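Residue strings, one per chain:
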Amino acid sequence: MRFDIITLFPEMLTSFMAMGVTRRAFESGQLQVHLWNPREYASGNYRRIDDRPFGGGPGMVMLAEPLWQCLNAIRSDRQQDRVQAPLVYFSPLGEALDHTRVDRWAKSATGAVLLCGRYEGVDQRFIDAHVDFQISVGDLVLSGGEIPAMAFLDAIARLQPGVLHDPDSHASDSFNPSLDGLLDCPHYTRPEVWQGQQVPEPLLSGHHAQILGWRRAQSLTQTWRHRPDLITAARAAQQLTPQDEACLADLVNVTAAKKNRLQ
Ligand code: SAH
């Protein structure tokens, strides 16, 4: 799958693609990433890619013309594509990135062209004319779209076959449908006792069913505590078993009893 990234800071992505487990997705060509610097498509001696906003105010705005020239170069480089790859602009006003959306992109036939904004953003006329999707990484403002682009590509890369050491590994990750959209359970490693804290007994039992049961109960507990909305969603999708419901009922009772004791 091919991704073309329009960025004023291609080096940020080069180092990201050379590291960690996801490196394999880029090196093997499962994800082919082409980096494009709009400055190379800017005219004049200074190759200007930004200017002051009409109406005044702080900051600079990315010029539409070099972005358009850059996009044209990408489109002609991708002229073999049977279906035109969508243009994604990372923006705080976009749809929030989540597992479901990442999973959809990970299965996309076309890949995408990713536009990383800088400064105050991009001239709205370019967005109106050419952008197909806008994606946000949360209700916060970053200084550029490169970190959102890396988050997006990283999440897609780890879903590619063979990228994680254990192929089942992401199936037990938070938000994954095979975990019914719940949060992951807590993890422990050696030593068995660290600063007086013991690894939970079931994990040392060597008893597969017991370990699975403990992990499911812990996933439910984490989700109930930190993201009760995901419990509601799993329940609505009829993904919770009677054992799950019994575990949740226990959690409610234990918490209520604790509250009563404190009153
Ligand atoms: N003036 C804009 C912020 C510009 S930040 C506003 O207030 O909405 C510069 C660039 O960083 C943006 O064009 C966008 O590409 C990127 N960016 C910043 N925050 C982001 C977020 N939460 N999600 C995705 N991209 C973001």
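In this text the structure is predicted, and so the values were computed from the model without any measurement.

A. Examining the overall build of the chain more closely. The number of helices and strands found in the chain is nine helices and nine strands. Computed over C-alpha atoms, the radius of gyration of the chain comes to 23 Å, more than 25% over the 18 Å expected from 2.2 N^0.38 for 263 residues, which places it beyond the range of a compact globule. Taken along its principal axes, the extent of the C-alpha atoms in the chain is 70 × 45 × 40 Å. Looking at the 263 residues of the chain, the share that counts as buried comes to 39%. For the chain, long-range pairs separated by at least 24 residues make up 73% of all intrachain contacts whose partners lie at least 6 apart in sequence. Summing over all exposed atoms, the chain offers an accessible surface of approximately 15,800 Å²; the carbon and sulfur share of this is 53%.

B. Local environment of the nonpolar core. In this structure, Phe3, Phe26, Leu31, Leu114, Phe152, Leu153 and Ile156 are the most contacted members of the largest nonpolar core, which totals 27 residues. Listed by contribution, the elements that provide at least two residues to this core are strand 1 (2-6), helix 1 (10-17), helix 2 (23-27), strand 5 (87-96), helix 4 (99-106), strand 6 (112-115) and helix 6 (146-157). Here the element with the most residues in this core is helix 6; it accounts for six residues. Excluding its chain neighbours within four sequence positions, the residues that come into contact with Phe152 are Phe3, Phe90, Leu97, Trp105, Leu114 and Ile135. Ile6, Ala42, Leu67 and Leu71 belong to the second-largest nonpolar core, a separate cluster that totals 19 residues.

C. A look at the environment of Leu115. Along the chain, Leu115 turns up in strand 6. By relative accessible area, Leu115 is classed as buried at 0%. Apart from the residues lying within four places of it in its own chain, the contact partners of Leu115 are Ile6, Leu67, Leu87, Val88, Tyr89, Phe90, Val122 and Phe126.

D. Quick look at the site of the ligand. Residues in close proximity to the ligand total 20 residues, the closest being Tyr89, Phe90, Gly117, Leu140 and Leu142. Taking Phe90, its main chain carries an N or O atom lying 2.6 Å from an oxygen atom of the ligand. The separation between a nitrogen atom of the ligand and a polar main-chain atom of Glu120 is 3.1 Å. Contact with the protein chains removes 83% of the 560 Å² of surface that the ligand exposes when unbound. With respect to the detected pockets, the ligand is housed in the largest pocket. For the shell around the ligand, the secondary-structure elements that each account for two or more residues are strand 5 and strand 7 (133-136). Broken down by element, the residue count for the shell around the ligand peaks at four residues, all from strand 5. Of the residues belonging to the shell around the ligand, the class tally is 10 nonpolar, eight polar and two charged.

E. Just the packing of aromatic side chains, in detail. Under the criterion given, the structure shown has six aromatic pairs. Summarising the aromatic geometry, the rings of Phe3 and Phe152 are spaced 6.1 Å apart at their centres and angled 90 degrees between planes, so their arrangement reads as edge-to-face. Residue Phe3 is found in strand 1, and its partner Phe152 is found in helix 6; the two are separated by 149 residues along the sequence. Take Phe3: its relative accessible area is 0%, and that puts it in the buried class. The class of Phe152 is buried, set by a relative accessible area of 0%. Seen in terms of ring centroids, Phe90 and Phe152 are 5.7 Å apart; in terms of plane orientation they differ by 70 degrees. Their pairing is edge-to-face. Taken together, the residues span a long stretch of sequence, with Phe90 in strand 5 and Phe152 in helix 6 at a distance of 62 residues. The buried category is assigned to Phe90, whose relative accessible area is 5%.

F. Looking closely at the domain arrangement of the chain. For the chain, the domain assignment lists domain 1 (2-157) and domain 2 (169-262). Distance from the C-alpha centre of domain 1 to the C-alpha centre of domain 2: 38 Å.

G. Focus on helix 7 (residues 208-226). An ideal rise of 1.5 Å per residue puts 27 Å on 19 residues; helix 7 measures up with 27 Å between its terminal C-alpha atoms. For helix 7, the secondary structure elements touched by its buried residues are helix 8 (228-236) and helix 9 (242-262).

H. Broad picture of unusual backbone geometry. The omega torsion across Arg190 and Pro191 is 0 degrees, close enough to zero to call that bond cis. With respect to the element layout, Pro191 can be found in the loop between helix 6 and strand 8 (193-194). Backbone geometry places Phe175, a non-glycine residue, at a positive phi of 75 degrees. With respect to the helices and strands, Phe175 occurs in the loop between helix 6 and strand 8. One non-glycine residue with positive phi stands out, namely Asp180, at about 60 degrees. Note that Asp180 resides in the loop between helix 6 and strand 8. For Asp180, a relative accessible area of 18% corresponds to the buried category.

Cut-offs and rules
Residues numbered from 1 in each chain as written. Predicted model: local features only at pLDDT ≥ 70, side-chain atom pairs only at ≥ 80, totals over all residues. Heavy atoms only, no water. Helix = DSSP H or I, 4+ residues; strand = E, 2+ residues; numbered from the N terminus. Rg over C-alpha atoms; globule rule 2.2 N^0.38 Å. Buried < 20%, exposed > 50% of the residue type's maximum accessible area, 1.4 Å probe, protein only. Contact = heavy atoms within 4.5 Å. Areas by Shrake-Rupley, 256 points an atom, 1.4 Å probe, with all protein chains shown as cover. Core = buried A, V, L, I, M, F, W, Y, C linked by side-chain atoms within 4.5 Å. Near = heavy atom within 4 Å. Polar contact = N/O pair within 3.5 Å; in protein donor to acceptor, adjacent residues only side chain to side chain. 1 Å grid on protein atoms, 1.4 Å probe; cavity = no way out; pocket = protein on both sides within 12 Å on 5 of 7 lines; lining within 4 Å. Sits in = over half its atoms within 2 Å of the grid points. Nonpolar A, V, L, I, M, F, W, Y, C, P; charged D, E, K, R; others polar. Phe/Tyr/Trp six-rings, centres within 6.5 Å; stacked < 30°, edge-to-face > 60°. Domains from an automatic or database assignment. Expected span 1.5 Å × (residues − 1).

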